Structure formats: C-alpha cells, structure tokens
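Breakdown of the fold
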Amino acid sequence: MKKVTEILLVGGSAGSISVLLEVLPHLNGHLSFPIVVVVHRQSHPESILEGVLGSRSHLPVEEAYDKMTLKASYIYLVPADYHLLFENKQLVSLDYSEKINYSRPSIDVSFRSAAQIFTEHTTALLLSGANTDGIDGLRCIAQQRGTILVQDPDTAEIAYMPQQALLNLQVDTVLKPEEMASFINQLSTDY
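Below is a short write-up of the structure.

Criteria and cut-off values
- Residues numbered from 1 in each chain as written.
- Predicted model: local features only at pLDDT ≥ 70, side-chain atom pairs only at ≥ 80, totals over all residues.
- Heavy atoms only, no water.
- 1 Å grid on protein atoms, 1.4 Å probe; cavity = no way out; pocket = protein on both sides within 12 Å on 5 of 7 lines; lining within 4 Å.
- Points joined across faces, edges and corners; volume = space filled by probe spheres on them.
- Nonpolar A, V, L, I, M, F, W, Y, C, P; charged D, E, K, R; others polar.
- Pairing = 2+ DSSP bridges.
- Helix = DSSP H or I, 4+ residues; strand = E, 2+ residues; numbered from the N terminus.
- Axes fitted to C-alpha atoms, helices over the stretch in contact; angles between N-to-C directions.
- Contact = heavy atoms within 4.5 Å.
- Core = buried A, V, L, I, M, F, W, Y, C linked by side-chain atoms within 4.5 Å.
- Buried < 20%, exposed > 50% of the residue type's maximum accessible area, 1.4 Å probe, protein only.
- Right-handed = clockwise from strand over helix to strand, strands pointing away.
- Salt bridge = Lys/Arg side-chain N within 4 Å of Asp/Glu carboxyl O.

**A closer look at the layout of surface pockets**
Quantified by volume, the largest pocket comes out at close to 190 Å³. What lines the largest pocket is His-40, Arg-41, Gln-42, Ser-43, Asp-81, Lys-99, Asn-101, Tyr-102, Ser-103, Arg-104, Pro-105 and Asn-131. Split into classes, the residues belonging to the lining of the largest pocket amount to two nonpolar, six polar and four charged.

Here it is in structure tokens:
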C-alpha cells in the first residue's frame, strides 16, 4: 500500500534556488499536500524570492507568517531570519530563537518539527548546500518512518549537504533535478 504524504518539506542552501526554479514549472497544479521550502538566505526588507518562485510555479507561492494555516497545493517559503515550527497539521508558527548550524531558518528545526506532527506521512527533500543543516532533521523523519529524499550530489552546485545525508543516513531515494517534479507529483493522492 502506498504511504500517504501529508507534507513535503524541501530544504537547501547554496545552489538550491536554481534547482527549485527547474522543478517548480513541472509540478502538478493540484497536489494533495502543502510544500514548505526552507532555504538559507539573507534577510532583506525587499526580498524577491517569493515572486521569483511564484513566477515559475503553477502552485501559489506564499511567504509563511506566524499562525498561518497551511493548505494543500500551496508552496510556503520560510521567511529569512525565522525558524518555522508546526503546531499541528494545519498551523505553523515562526520562531526567532538562536541560529542552528549558523542558520535561521534552520532546515533541521522545521524537519524535526514536521516529523513530530506528521510522523510517517512526512516527506522531505534535501538539496544542494555547504553545511550539515538538514541531516538531523532527516534522521528524525526516518525514525518516524517518513520518506527522505536527497538530491544526487553529482548534480548539486555544492555537493556537501546531500553527500553528508548519504554518508550518514539510509536515504529512500536519490533524485536528479529533472526527476524531482515527476517524483513529487506521484506522491499526491490526486495524481
């Protein structure tokens, strides 16, 4: 029996935005789950990332805010300088606590929080990056019997983050960018 995905998390750092821009145009416009994107980025009062990603996606892209309710078929971008936590399967909160792995938002924080709430219905994809943020979060998801996915390090602009995941975890699937949208679409019960 197919495991149902209730949330898809995508984490990345340096080199991950180009992957997102490649994948987003090919995502089904009607997914049965929300997508939460946690990327390391500088805080800036006039961030254009939401608009750039939204211009390439059939799914609406919104920057998450405190006490936001998640909806299926939406992409939520964690704002710069905040950690995103899941309060329940619909509600998220933002947190300004200390940086983890020199990062806020921290991929680990969001991945661990999702694992506690969505348990085996959590799917997470770790993309290109230069540190180990995301590895502990993926481990928590795996412990809950969720699904962990990693970008093929050979396709990553900076291979360190996906390589560390492969060295330290039993990863469910390794994906090249051109395979990601099809894989994500097939996770949807609406597919």
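**Describing the sheet that holds strand E10 (residues 173-175)**
Spatially, seven strands are ordered E3-E5-E2-E1-E8-E9-E10 in an open sheet, and the strand pairing comes out parallel. A single partner strand is all that each edge strand has here, and the edge strands are strand E3 (61-63) and E10. Across this sheet, the average inter-strand angle for adjacent strands is 20°, counted without regard to direction. Where strand E2 (residues 35-39) and strand E5 (residues 75-77) come together, three bridges link them in parallel fashion. Residue pairing across strands places Ile-35 opposite Ile-75, the latter belonging to E5. The strands touched by helix H1 (residues 16-23) within the sheet are strand E1 (7-12), E2 and strand E9 (147-151), with E2 carrying the most contacts at an inclination of about 155°. In the packing of helix H6 (residues 177-187) onto the sheet, contacts are made with E1, strand E8 (122-126), E9 and E10, and the angle to E10 comes to roughly 130°.

**Some thoughts on the nonpolar core**
Counting residues in each nonpolar core, the largest one holds 29 residues, and the members touching the most others are Leu-9, Val-36, Leu-84, Phe-86 and Leu-138. Take this core: its biggest share by element is five residues, from helix H3 (residues 107-118). Contacts of Leu-9, omitting those with residues within four sequence positions, involve Val-36, Phe-86, Ser-110, Phe-111, Ala-114, Thr-122, Thr-123, Ala-124 and Leu-125. If you look at the next biggest cluster of nonpolar residues, it comprises 27 residues, including Leu-27, Leu-31, Ala-181 and Leu-187.

**What to know about the pairing of E8**
E8 sits mainly inside the fold: five of its five residues count as buried. Of the two faces of E8, the one holding Thr-122, Ala-124 and Leu-126 and the one holding Thr-123 and Leu-125 are both buried throughout. Two elements, E1 and E8, share five bridges in a ladder whose sense is parallel. Paired with Ile-7 across the bridge in E8 is Thr-122. Pairing between E8 and E9: four bridges, direction parallel. Bridged to Leu-126 within E9 is Val-150. Handedness of the β-α-β unit built from E8, helix H4 (residues 135-143) and E9 comes out right-handed.

**Topic: the pattern of salt bridges**
Counted under the stated rule, the structure contains six salt bridges. The shortest N-O distance in the salt bridge between Lys-89 and Glu-6 comes to 2.7 Å. Taken together, the residues span a long stretch of sequence, with Lys-89 in the loop between strand E6 (83-86) and strand E7 (91-95) and Glu-6 in the segment before E1 at a distance of 83 residues. Lys-89 gets classed as partly exposed once you look at its relative accessible area, which sits at 35%. The residue Asp-152 makes a salt bridge to Lys-176 at a minimum N-O spacing of 3.3 Å. In this pair, Asp-152 is assigned in the loop between E9 and helix H5 (160-168) and Lys-176 in the loop between E10 and H6, connecting sequence segments 24 residues apart. A relative accessible area of 12% places Asp-152 in the buried class.

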